[in-house]
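Here are the chains, one letter per residue:
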Amino acid sequence: MLALDLELVKGSILGKHYKVEAFLGEGGFGIVAKCRDTTTNQAVAIKVNKKINSIQIGNKLCNNCCF
């Protein structure tokens, strides 16, 4: 499954304020994207789980996030 299969493209917004800037990698469980927190301007890595509608920001899990 590719990022496009998840409708995840550069410029997409994850959660409420994480803008996708680039894709860092893909593994068996998900896709890792470099994102920018639009409220703090901080760069973060976010893992998007392929199987369920969730994203992982650092060590926090956000279930049923909009993306």
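As annotated in an unreviewed UniProt entry, the protein chain carries the name Protein kinase domain-containing protein and comes from Astatotilapia calliptera.

Draft legend 1. Quick peek at the overall build of the protein chain. Along its length, the protein chain carries zero helices and six strands. Element order for the protein chain, N to C, with α for helix and β for strand: β-β-β-β-β-β. Within the protein chain, the fraction of its 67 residues that count as buried is 31%. Per element, the accessible surface of the protein chain, about 4400 Å² overall, is 54% carbon and sulfur.

Draft legend 2. Geometry of the side chain of D37. By the element assignment, D37 lies in strand β3 (residues 30-37). A distance of 2.5 Å separates a polar atom in the side chain of D37 from a polar atom in the side chain of T39. For D37, the contacting residues outside a window of four places in its chain are H17, Y18 and Q42.

Draft legend 3. Geometry of the pattern of salt bridges. A complete count under the given rule lists two salt bridges for this structure. Between K34 and E21 there is a salt bridge, with the nearest N and O atoms lying 3.7 Å from each other. Of the two residues, K34 is situated in strand β3 and E21 in strand β2 (residues 18-26); the sequence distance between them amounts to 13 residues. K34 gets classed as partly exposed once you look at its relative accessible area, which sits at 33%. Between R36 and E21 there is a salt bridge whose closest N-O contact spans 2.9 Å.

Draft legend 4. The arrangement of the pairing of strand β4 (residues 43-49) in detail. Only one face of β4 is buried, namely the one carrying V44, I46 and V48, since none of A43, A45, K47 and N49 on the opposite face is buried. As judged from the seven bridges shared by β3 and β4, these two strands associate in the antiparallel manner. From the neighbouring strand, V32 faces β4, where its bridge partner is K47. Where β3 folds back onto β4 in an antiparallel hairpin, the turn is made up of five residues, including N41, whose phi is positive at roughly 65 degrees.

Draft legend 5. Quick look at the environment of F29. Within the secondary structure, F29 sits in the loop between β2 and β3. Separated by 21 residues in the primary sequence, F29 and K50 place their C-alpha atoms 6.0 Å from one another. Those residues in contact with F29 that sit more than four places away from it in its chain are K47, V48, N49 and K50.

Calculation rules
Residues numbered from 1 in each chain as written. Predicted model: local features only at pLDDT ≥ 70, side-chain atom pairs only at ≥ 80, totals over all residues. Heavy atoms only, no water. Helix = DSSP H or I, 4+ residues; strand = E, 2+ residues; numbered from the N terminus. Buried < 20%, exposed > 50% of the residue type's maximum accessible area, 1.4 Å probe, protein only. Areas by Shrake-Rupley, 256 points an atom, 1.4 Å probe, with all protein chains shown as cover. Polar contact = N/O pair within 3.5 Å; in protein donor to acceptor, adjacent residues only side chain to side chain. Contact = heavy atoms within 4.5 Å. Salt bridge = Lys/Arg side-chain N within 4 Å of Asp/Glu carboxyl O. Pairing = 2+ DSSP bridges.

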